[in-house]
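# Inside the fold
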Amino acid sequence: LFGAIFFVSVGMMVDVSLIVEYIVPILCIIVVIMLGQAILSTGAFLISGQTMKTAMQCSFSLTQSGEFAFILATLGTSLHVTSDFLYPIVVAVSVFTTFTTPYLIRLAVPAYNTLERVLPAKWIAKMESHAAENDEEQETDEMHLLWRTEFKRFFLIILINSVLCVAIIKLRSEERRVGKECRS
C-alpha cells in the first residue's frame, strides 16, 4: 500500500516540461549513475570473492539512485543549499533509474554472457578461481566450531534471560497476591 502511494506521489512530482528543458543533464546523470554503479559494484563483489555472474547480477540490481535522493534534494532545496533546478533533475533521474532497475536485473545474465565471450579466458578463469578459493576458505572446520560455540553461547544467554523473566513475573504476581491479602 505504501509503495503504491509513494510511487504515485513521486509521479506527481515529475514536471514533464522541466524534464524536456533539462534533458541533457538528466541523461548524463543517468548514464553516470548506471554505469558507475554497475562497474564499481561489480568490482567490489568480485573483490569480495563472488563469481563474475553473481557479481554482475548483484550490481545490476543496484543501479538506481533510490528514494533517498528525494530526501536529499528536498532538504537541499528547502535549506537553499542547492539551486531550484536541481530538484526536478534529481526526481527525474531517480524515477527513471528506479523504473529501469527490473529491466537491468533481467539484462544481467545476457551482459555476463557477452562479457564472457569478450574477455580473455585467463581473466575469467582467474576471477572464478578467486571465488572458489574464497568459498573454500570460508568452509573451514574452525569456522564451524566458532559458529557452534557462538550458538551455544547465544542459547545460554536466551535461557538465562528467560529464566530470569519467568522468575520476575512469578515474584511480581506473588507480590500482588500478598498485597491483596493484606488489604482485605
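Just above sits the structure.
For the structure given in this document, a descriptive report is provided here. (Residues numbered from 1 in each chain as written. Predicted model: local features only at pLDDT ≥ 70, side-chain atom pairs only at ≥ 80, totals over all residues. Heavy atoms only, no water.)

## Remarks on the layout of surface pockets
Test applied: Cavity: a set of points on a 1 Å grid over the protein atoms alone where a 1.4 Å probe fits but cannot get out. Pocket: an open set with protein on both sides within 12 Å along at least five of seven lines, its lining residues, like those of a cavity, having an atom within 4 Å of a point. Grid points are joined across faces, edges and corners, and a volume is the space filled by probe spheres set on the points. Helix and strand labels come from DSSP, where a helix needs a run of H or I of at least four residues and a strand needs a run of E of at least two; each type is numbered from the N terminus.
Space inside the largest pocket adds up to approximately 170 Å³. In terms of lining, the largest pocket is formed by Met34, Leu35, Ala38, Ile39, Thr42, Met56, Phe60, Thr63, Leu104 and Leu115. When residues of the lining of the largest pocket are traced back to their parent elements, those giving at least two are α3 (23-47), α4 (52-60) and α6 (86-118). Sort the elements by how many residues they give to the lining of the largest pocket and α3 lands first, with 5 residues.

## Here we look at the pattern of salt bridges
Where charged atoms from two side chains of opposite charge approach closely, those side chains can pair. This is how the line gets drawn: One speaks of a salt bridge when a side-chain nitrogen belonging to Lys or Arg is within 4 Å of a carboxyl oxygen belonging to Asp or Glu. Working definition: with a 1.4 Å probe on protein chains only, accessible area under 20% of the residue-type maximum means buried, over 50% means exposed, and in between means partly exposed.
Inspection of every chain in the model, using the stated rule, returns 4 salt bridges. Put simply, Glu174 and Arg177 hold a salt bridge, and the shortest N to O gap is 2.3 Å. Note that Glu174 and Arg177 are positioned in helix α8 (residues 141-183) at a spacing of 3 residues, about one turn of the helix. Taking the relative accessible area as the measure of exposure, Glu174 reaches 36% and is therefore partly exposed. A single salt-bridge network, built from bridges that share partners, covers Glu174, Arg177 and Glu181.

## Quick look at α6
Applicable threshold: Given a helix with a known number of residues, its expected span is that number minus one, times 1.5 Å. To get the bend at a given residue, fit one axis to the seven residues ending there, fit another to the seven starting there, and take the angle between those axes.
Under the 1.5 Å per step criterion, the end-to-end length of α6 is only 39 Å for 33 residues, more than 12% shorter than the ideal 48 Å. Helix geometry: α6 is bent most strongly at Thr101, by close to 40°, with proline Pro102 lying one to four residues after it.

## Some remarks on the nonpolar core
Stated precisely, the cut-off is as follows: The set of buried Ala, Val, Leu, Ile, Met, Phe, Trp, Tyr and Cys residues whose side-chain atoms join them within 4.5 Å is what this entry labels a nonpolar core. Note on contacts: a residue pair qualifies if any of its non-hydrogen atoms lie within 4.5 Å across the two residues.
Grouped together as the largest cluster of nonpolar side chains are 19 residues, with contacts concentrated most on Ile26, Met52, Phe60 and Met127. For this core, the secondary-structure elements that each account for two or more residues are α3, α4, α6 and α7 (121-138). With 6 residues, α6 is the single largest residue contributor to this core. For Met52, the residues in contact, after removing those within four places along its chain, are Thr42, Leu46, Tyr112, Leu115, Leu119, Met127 and Glu128.

## Points about the environment of Leu104
For Leu104, the location among the structural elements is in helix α6. Residue class for Leu104 comes out buried when judged on its relative accessible area of 18%. C-alpha of Leu104 to C-alpha of Thr63: the two residues are 41 residues apart in sequence and 8.0 Å apart in space. Not counting residues within four places of it along the chain, the set of residues in contact with Leu104 comprises Met34, Phe60 and Thr63.

By themselves these figures say nothing about function.
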